[in-house]
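The residues making up each chain are set out below.
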Amino acid sequence: MNLNAIQMILVVLVAFLAGMEGILDEFHFHQPVVACALIGLVTGQLVPCIILGGSLQMLALGWSNVGAAVAPDAALASIASAIILVLGGQGKAGVSSAIAIAIPLAVAGLLLTIIARTIATLMVHAMDRAAEEGSFAKIDMWQVIGICMQGLRIAIPAALILAVGAGPVKAMLNAMPAWLTDGLSIGGGMVVAVGYAMVINMMASREMWPFFALGFALAAISELTLIALGAIGVAMALIYLNLSKMGGSGNGGGSGTGDPVGDIIDKY
Amino acid sequence: MADQIKLTKSDRVKVWWRSNFLQGSWNYERMQNGGWAYTLIPALKKLYTTKEDRAAALKRHLEFFNTHPYVASPIIGVTLALEEERANGAPIDDVTIQGVKVGMMGPLAGVGDPVFWFTAKPIIGALAASLALGGSIMGPILYFVVWNAIRIGFMYYTQEFGYKAGSAITEDLSGGILQDITKGASILGMFILPALIERWVVVDFSPVKVSSIKQASGAYIDWDKLPKGAQGIKEALTQQKAGLSLDKYKVTTLQDNLNQLIPGFAALLITFLCMWLLKKKVSPIIIIFGLFAFGVIMHVLGVM
């Protein structure tokens, strides 16, 4: 599928937004479910792109920038794979091979992010000089330049893919044999586990594992939606926090255990 | 005391808007420092008028700063209160302001990461993604609206809270509330994660047939003996409802056996394997490539 000039400009604009958000992490235009849908919206291929976004979002659930660590780049992965999906013109059938392309892109994006964050070091040195002069305007300017550089980090690769055009992209996708694409989509089903594993490693403690077991057992009941499970989780968290406080005050105060029924039983 | 400089609500809203761009100049040397100075500029502009004061203020806010981008808001609020008092002549020196910033950023990042990155984002993301997988536009809209409503509300409210509470917030937050929020979020996250693993990590061993048993006559629908046309369809449906099997052979796959233990068991094992590899400092990217390769190999071998 070929895009017209206006669509191409809009695609590059969406890429720019996603690149900005990749560093800001505020409005989340770079999250796959949003970024892919925006590419789909401006190219008129909404439904396949939304499905691609959903699949990539599952992969990216655990990807987050904690401290100075850089997560795999959701922005480049979702923007570039959505453009390739649109150019390939295979519609929904192209989603699984687009996912397979997204992973190497996320790694490539990681490198670009590290380069951009290194360049930003030079910018804050320029800010230091602006501070000497007491110039607010120059600090503002460097901040805006920094944000724009992050936008270009995604917009330039997006423009490059558009420049190469639909033909080569399509040829590349068609050249993939069925056993490879099927195998990749099976692998894609398992890859989601990596993100969850990262999150669990961050949060797990002896105290928390029973909640993990409860969640796993309850999830087998398919009537319980995620919202229902969320409600159960919030309730358990509140109950647990309250109970653990009662234990503390009971040891300190003696009679005031915060548990009227328990007090009555004790007195008899 | 007549001409005290006060930050108005509109100044604070300007600061809040700029705090949406906190990480724009994130760098390896002093991390969020550029964005931090950029965020405070509307307030500094109002509080300090001479060139020397402005230069000093900017320098002091270009020091190292890094925290979770959303929980920076209460710190911004407290800093606004401190800067306001300082501009009005209170004896607050650079060390105090830097001390408050550094003292708050560590513990608050410890709250922001589990609450936003490990609990809210996976849950909202999974909910939106499950809608999006069905091709529904509600997926992206839900994610964008819910995420930003929570984030913007949190950032504005906590910045105002920080500003009003001034430096008292540090003592308040280092007490019980902070620990409760962190622990509560961890419980919720640890409870929801296995559900996400069970429902969204797909490990399917269906191609592996464990057994294939020919069933006794009368236990399956005998398609040859059904009447023709619509009557036959009706008869077949009736028989199926009565519990008759569709096929002559009862095929049990490896997947059926695993599902009888508990659904999602293989997914759980894969997740534990990933956790173990991550603890062994294997890069997540290598694990991801490894799983793709594993999927292709198992498919070619006819196991998955």
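Residues numbered from 1 in each chain as written. Chains lettered and ligands numbered in written order. Predicted model: local features only at pLDDT ≥ 70, side-chain atom pairs only at ≥ 80, totals over all residues. Heavy atoms only, no water.

Attention shifts here to helix H8 (residues 178-203) of chain A. Spacing of three or four residues puts side chains on the same side of an α-helix, whose turn is 3.6 residues. With 26 residues, H8 of chain A should reach 38 Å at 1.5 Å per residue; the first-to-last C-alpha distance of 39 Å fits that figure. Of all the bends in H8 of chain A, the largest measures some 30° and sits at Gly189 of chain A. (Helix = DSSP H or I, 4+ residues; strand = E, 2+ residues; numbered from the N terminus. Expected span 1.5 Å × (residues − 1). Bend = angle between axes of the 7 residues up to and from the residue.)

Residue placement: Leu218 of chain A occurs in helix H9 (residues 209-219). Residue classification places Leu218 of chain A among the partly exposed positions, given a relative accessible area of 25%. Along the chain, Leu218 of chain A and Leu229 of chain A lie 11 residues apart, while their C-alpha atoms are 8.1 Å from each other. What Leu218 of chain A contacts, discounting residues up to four positions off in sequence, is Leu224, Leu229 and Ile232 of chain A together with Phe191 of chain B. (Buried < 20%, exposed > 50% of the residue type's maximum accessible area, 1.4 Å probe, protein only. Contact = heavy atoms within 4.5 Å.)

The UniProt feature table records "transmembrane region" (unreviewed entry) at residues 6-24, 36-60, 66-87, 99-124, 144-166, 178-199 and 211-241 of chain A. Its end C-alpha atoms 37 Å apart, residues 99-124 of chain A is made of 100% helix and 0% strand. (UniProt positions renumbered as here; feature names shortened; annotations may be inferred.)

A few words on the interface of chain A and chain B. When the parts come together, some accessible area is lost, and that loss is often what is quoted as the size of the interface. Taken together, the contacts link 105 residues of chain A with 102 residues of chain B. Of all residues in chain A, the largest losses of buried area upon contact with chain B belong to Glu26, Phe136 and Phe216 of chain A, amounting jointly to 9% of the total for that side. The interface formed by chain A and chain B contains five salt bridges. Applying the counting criterion to the chain A and chain B interface returns 18 residue pairs in polar contact (both at pLDDT 80 or more). The set of elements that each furnish at least two residues to the side of chain A that touches chain B consists of helix H1 (5-24), helix H2 (32-43), helix H3 (46-60), helix H5 (95-132), helix H6 (136-164), H8, H9 and helix H10 (226-253) of chain A. Of all the elements, H8 of chain A adds the most residues to the side of chain A that touches chain B, at 22 residues. Of the residues belonging to the side of chain A that touches chain B, the class tally is 69 nonpolar, 26 polar and 10 charged. (Buried area = accessible area lost by both parts, 1.4 Å probe. Salt bridge = Lys/Arg side-chain N within 4 Å of Asp/Glu carboxyl O. Polar contact = N/O pair within 3.5 Å; in protein donor to acceptor, adjacent residues only side chain to side chain. Nonpolar A, V, L, I, M, F, W, Y, C, P; charged D, E, K, R; others polar.)

Further remarks concern the domain arrangement of chain B. Taken domain by domain, chain B holds domain 1 (9-200) and domain 2 (209-301). Spacing between the C-alpha centres of domain 1 of chain B and domain 2 of chain B amounts to 47 Å. (Domains from an automatic or database assignment.)

The next point concerns the environment of Leu188 of chain B. Note that Leu188 of chain B resides in helix H8 (residues 176-200). Look at Leu188 of chain B and you get buried, because its relative accessible area is 15%. The spacing of Leu188 of chain B and Ile123 of chain B is 65 residues in sequence and 9.9 Å in space, taken between C-alpha atoms. For Leu188 of chain B, the residues in contact, after removing those within four places along its chain, are Gly230, Gly233 and Val234 of chain A together with Thr119 and Ile123 of chain B.

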